[in-house]
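# Chains, contacts and geometry: an overview
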Amino acid sequence: MEQQSLNKFDFKKNLPFIVGAFLVVILGVGTAWMLKDKIMTGGSKSAAPGVTVTSTEAGILDPSGKYDTATGDLKEGGIDNEGTHHLEVIQGPSHFVYLTSSMIDLQSFVGKKVQVWGQTQASKKAPWLIDVSKIKIAE
């Protein structure tokens, strides 16, 4: 007789608990979905967490780091899968600076004259490839 009472599930008696558990899961998932962009990017969709973003600059520099810098007109496109963007400089394509960044959305600065700071990366095709840590609209 004890075995029968363990196997029998009273759905009506447990319905409030089932509905409550279901609602807690749904509300938790919904809240996480609504807050995910703010949590993952510090409130901004154009930069990594902790990175400062304004209308004229984005990024952050480590005071103890050593950075290379370049200035030019930011355009879309890399060279042979190296970089996502490039800086057009007066000297011409052989002097373009190709850029990539895991911290900043460079796309929001396309078409503007900018100065970038970052670490030079090894490349096979790009004459100069920088992983950008900070970008600022040049005056």
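The structure this text deals with has already been given above.
### Here we look at the overall build of the chain
Across its full length, the chain carries 2 helices and 7 strands. Going residue by residue from the N terminus, the α and β elements of the chain occur as α-α-β-β-β-β-β-β-β. Nonlocal contacts in the chain, meaning residues at least 24 apart in sequence, comprise 54% of its contacts between residues at least 6 apart. When the accessible surface of the chain is summed, it comes to about 9,800 Å², and 59% of that surface belongs to carbon and sulfur atoms.

### What to know about the environment of V97
Residue placement: V97 occurs in strand 5 (residues 97-100). Residue V97 is classed as buried on the basis of its relative accessible area, which comes to 2%. Sequence separation of V97 and T71 is 26 residues, and the distance between their C-alpha atoms is 8.8 Å. Discounting chain neighbours no more than four positions away, the residues touching V97 are A70, H85, H86, L87, W128 and I130.

### Considerations on the nonpolar core
L74, L87, L99, V116, V132 and I135 are the most contacted members of the largest nonpolar core, which has 14 residues in total. Where this core is concerned, the elements lending two or more residues are strand 3 (68-76), strand 5, strand 6 (113-121) and strand 7 (129-137). When residues of this core are assigned to their parent elements, the largest contribution, 3 residues, is made by strand 7. Every residue in contact with L87, bar those within four places of it in the chain, is listed here: A70, T71, G72, D73, L74, F96, V97, L99, V114 and V116. Core analysis: the second largest hydrophobic core is formed by 5 residues, V89, Y98, A126 and L129 among them.

### Here we look at a nonpolar patch on the surface
A cluster of nonpolar residues, F9, F11, L15, I18, V19, F22, L23, I26 and L27, forms a patch on the protein surface that exposes about 890 Å² of accessible area. Within the fold, F22 resides in helix 2 (residues 11-41).

### Brief notes about the pattern of salt bridges
Taken as a whole and judged by the stated rule, the model has 1 salt bridge. Among the ionic pairs, K134 bridges to E57, the shortest N-O distance being 3.2 Å. You can see K134 sitting in strand 7 and its partner E57 sitting in strand 2 (residues 57-59), a full 77 residues away along the chain. With relative accessibility at 19%, the residue K134 sits in the buried group.

Definitions and limits used
Residues numbered from 1 in each chain as written. Predicted model: local features only at pLDDT ≥ 70, side-chain atom pairs only at ≥ 80, totals over all residues. Heavy atoms only, no water. Helix = DSSP H or I, 4+ residues; strand = E, 2+ residues; numbered from the N terminus. Contact = heavy atoms within 4.5 Å. Areas by Shrake-Rupley, 256 points an atom, 1.4 Å probe, with all protein chains shown as cover. Buried < 20%, exposed > 50% of the residue type's maximum accessible area, 1.4 Å probe, protein only. Core = buried A, V, L, I, M, F, W, Y, C linked by side-chain atoms within 4.5 Å. Patch = residues over 30% accessible without salt bridge, like charges linked within 9 Å, V, L, I, M, F, W, Y side chains within 5 Å. Salt bridge = Lys/Arg side-chain N within 4 Å of Asp/Glu carboxyl O.

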